[in-house]
Amino acid sequence: MNILNKQNIPRVIIKKKETKKTMESWLGKTSSQQETPIKFGILLQQAGIPNTETCILERSKENNMQFNCHLKKQRKNISISLILEDVDNFGELIITTETERKTFEYHKETRAEGMKLVLRKEEKTPSTYIPEQRKDSIIPYGKQPQKKGMVKQKKLKTGQN
């Protein structure tokens with residue numbers, strides 16, 4: 001792989017050795033440890049992260065293949081999940097923000113072609129904002145509110161016995 005000018009891709013800072021090893025395993029062969037952040041930066045750019053951004057990457061505590069990427073300039077966090085390759089010989093990279101979730105196919109670098117991401121699915125994430133409700137405004141499913149002074153309706157004659 002020819003090393004791209006680092007100014008053309010988002011900068012990636014990987015905090016821990018375990019995180020870097022996981023990334024190297026998912027990316028495939030790398031010739032040096034310095035290449036891993038550069039390769040991942042290329043993928044982030046393909047996923048739509050601006051080339052002026054810096055991603056500080058840390059592994060999630062819940063899952064070895066899930067990462068938090070703190071975007072330094074935007075001052076926000078995005079979640080990145082990696083899925084190892086399947087029978088079709090491609091892995092997945094899933095990027096989740098507050099507003100959307102994008103699933104990409106990851107195609108490893110081959111002799112004929114460079115590595116690439118292909119957008120497979122894009123969806124809006126449901127809003128996490130739930131307005132505060134009063135207890136008396138919540139009506140269990142199937143229950144009708146009982147109000148005092150309710151007027152009874154008269155049955156209309158339909159002509160049927």
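Notes on the structure in this doc start here. Being a predicted model, the structure only gives us computed values, none of them experimental.

1. Quick look at the state of the cysteines
Okay, step 1: If you walk through the whole model with that rule in mind, you get 1 disulfide.
Okay, step 2: Sulfur-sulfur distance for the disulfide between Cys55 and Cys69 comes to 2.1 Å. Placement of the pair is Cys55 in strand S2 (residues 54-59) and Cys69 in strand S3 (residues 66-71), with a sequence separation of 14 residues. For the pair shown, Cys55 and Cys69 are each scored as buried.

2. Let's talk about helix H2 (residues 35-46)
Okay, step 1: Under the 1.5 Å per step criterion, the end-to-end length of H2 is 17 Å for 12 residues, consistent within 8% with the ideal 16 Å.
Okay, step 2: What H2 keeps buried is the set Glu35, Thr36, Pro37, Ile38, Lys39, Phe40, Gly41, Ile42, Leu43 and Leu44.
Okay, step 3: Backbone geometry just downstream of H2 places Gly48 in the positive-phi region, at approximately 105°.

3. Structural notes on the pattern of salt bridges
Okay, step 1: Under the criterion given, the structure shown has 6 salt bridges.
Okay, step 2: Overlapping salt bridges bring together Glu35, Lys39 and Glu109 as one network.

Rules used throughout
- Residues numbered from 1 in each chain as written.
- Predicted model: local features only at pLDDT ≥ 70, side-chain atom pairs only at ≥ 80, totals over all residues.
- Heavy atoms only, no water.
- Disulfide = S-S within 2.5 Å.
- Helix = DSSP H or I, 4+ residues; strand = E, 2+ residues; numbered from the N terminus.
- Buried < 20%, exposed > 50% of the residue type's maximum accessible area, 1.4 Å probe, protein only.
- Expected span 1.5 Å × (residues − 1).
- Salt bridge = Lys/Arg side-chain N within 4 Å of Asp/Glu carboxyl O.

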